[in-house]
Amino acid sequence: MSELTSGAPAFAAQGDWARAPLSRFLSLNVEVVDVDPEKTYPTVGVLNRGRGLLYREPMAGSATAYKQLNRIGPDVLVYSRLKAFEGAITVTPNDLPESFASQEFPTFALTSGADANFFRILTTMQNMWDALQEVSKGMGGRRERVKPADLLNIVMDIPPLPIQRWIVKIVRAVDEQIAALDNEAEAAMRVRDGLLGEFTAVAPSGTKPLGALCAAIGSGPSWAAKDESSVPSEGAWTVVKITNTKPNGSFDLSELAYVKGLPARTRVIGPTTLVMIRTNGNRTRIGNVYLPPEEVYGAAVSAFQFILDATDVQTRDYLYLVLRSPRVQNKMSGAASGSTGLGNLAARWLKTLNIPWPDAEVRKVQVETVKAVDAKIAAIRAEVDCLRSVRGALLSGILNRTIDIEPAELGV
């Protein structure tokens, strides 16, 4: 869908679509302002992979070395010259209040043949990121800043305005359904957190220390990044890292790592195991607990994580309930040592953490209740993942023109 042109802009019509450089649809339109030490400037950056703007804290003019800033307005295309190769490009929201960025963020006005919402979608596409990667290549594989002229010289297949708007309408409908499902999942999570809070209040029958409910609690071994491989090999251990354990409580097995030479005494994940984050720069992540899927049984964890081996599966399931409750999560985050940088949760403290311990039948009912809500949340997330895949495939097919659009059906 894209290519580069280094000479005069070439244009070739293919039906109603235009195969042309982006200069046909964008024009450099940078508004530079002098920094006033007496003023405060709301500033933004651009997230990678077309994820939109990064809203920063307002910056006092007296606190910056910048002499000038770029004004960032609504419905303009903006990108990071330095991080363009990571897909740091977007079209700003149409209701963006006055904002500013450094001169590393050039802005472009859209021509009358370009719909802002369509180009916002275009910045989320892999082929746009690939084209930016291509123009950012320097000598010896070094990444170079992407100049505005480089962006404008990228050639892409762009549909006529009515089809742009039709694509926006289709994608918006899918996005609205995804947003509705996300809201449904968040509501279910609030219900679950409420149940966890209710269930983890001190039981009439008292509490037990976590150490008494686990056969072992300990962190994984250390290894260097250079020791990791992305493919399994003979003698290599499968390892689960913090990147495999997501903030939403899910396990991501798409990118496992493999390491050779770990100590023979290394603890591994098994049927009674929970995995917990031990060390992190984000305090709210410390103490996050995960129920590992069977696919990672036998895998090790990193030194930044704990393995908690419960005495049996029923105890593991109940501990998974208790340790996820907001009250217990806050307690663990607050107990982490270190005032700056990485926080660390001590195994000794963790073993003394009191766990509510009601009668066995009560524990069973509580676990089954929370499992039912978890299953609902998982089903919603699976539907969202499916919709996102469909959205991506549909959009790619339309823009690559492997999915035909009948102009008569669109009123074009």
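Because the structure is a prediction, the values reported are computed rather than measured. (Residues numbered from 1 in each chain as written. Predicted model: local features only at pLDDT ≥ 70, side-chain atom pairs only at ≥ 80, totals over all residues. Heavy atoms only, no water.)

## Focus on unusual backbone geometry
Excluding glycine, residues mostly carry a negative phi; peptide bonds, for their part, are mostly trans. Positive phi is not limited to glycine here, since R49 has a value of about 55°. Note that R49 resides in the loop between β7 (44–46) and β8 (53–55). A relative accessible area of 46% means that R49 is categorised as partly exposed. In this structure, R401 is a non-glycine residue whose phi angle is positive, near 65°. Mapped onto the elements, R401 comes out in the loop between α9 (360–399) and α10 (407–410). (Helix = DSSP H or I, 4+ residues; strand = E, 2+ residues; numbered from the N terminus. Buried < 20%, exposed > 50% of the residue type's maximum accessible area, 1.4 Å probe, protein only.)

## Overview of the pattern of salt bridges
Within this structure, the stated rule accounts for 18 salt bridges. The shortest N-O distance in the salt bridge between R145 and E104 comes to 2.9 Å. Here E104 lies in the loop between β13 (99–101) and β14 (107–110) and R145 lies in the loop between α2 (126–135) and α3 (148–152), a separation of 41 residues in the sequence. The exposure class of R145 is partly exposed, given its relative accessible area of 40%. Residue classification places E104 among the partly exposed positions, given a relative accessible area of 21%. E184 is the salt-bridge partner of K376, the closest N and O atoms lying 3.4 Å from each other. Of the two residues, K376 is situated in helix α9 and E184 in helix α4 (residues 161–199); the sequence distance between them amounts to 192 residues. (Salt bridge = Lys/Arg side-chain N within 4 Å of Asp/Glu carboxyl O.)

## Quick word on the confidence of the model for the protein
Residue-level pLDDT values for the protein average 91, and 92% of them are 70 or greater. In the model, residues 6–14 has pLDDT below 50 throughout and makes 15 contacts with residues more than four positions away in sequence or in other chains. (pLDDT = per-residue confidence, 0-100. Contact = heavy atoms within 4.5 Å.)

## Brief notes about the environment of A60
Mapped onto the secondary structure, A60 falls in strand β9 (residues 59–60). Excluding residues that lie within four positions of it along the chain, A60 makes contacts with K39 and T40.

## Section: a nonpolar patch on the surface
Judged by side-chain polarity, L28, V30 and V32 come together as a nonpolar surface patch covering roughly 210 Å² of accessible area. Assignment of secondary structure puts V32 in strand β5 (residues 31–34). Residue classification places V32 among the partly exposed residues on the basis of a relative accessible area of 37%. (Patch = residues over 30% accessible without salt bridge, like charges linked within 9 Å, V, L, I, M, F, W, Y side chains within 5 Å. Areas by Shrake-Rupley, 256 points an atom, 1.4 Å probe, with all protein chains shown as cover.)

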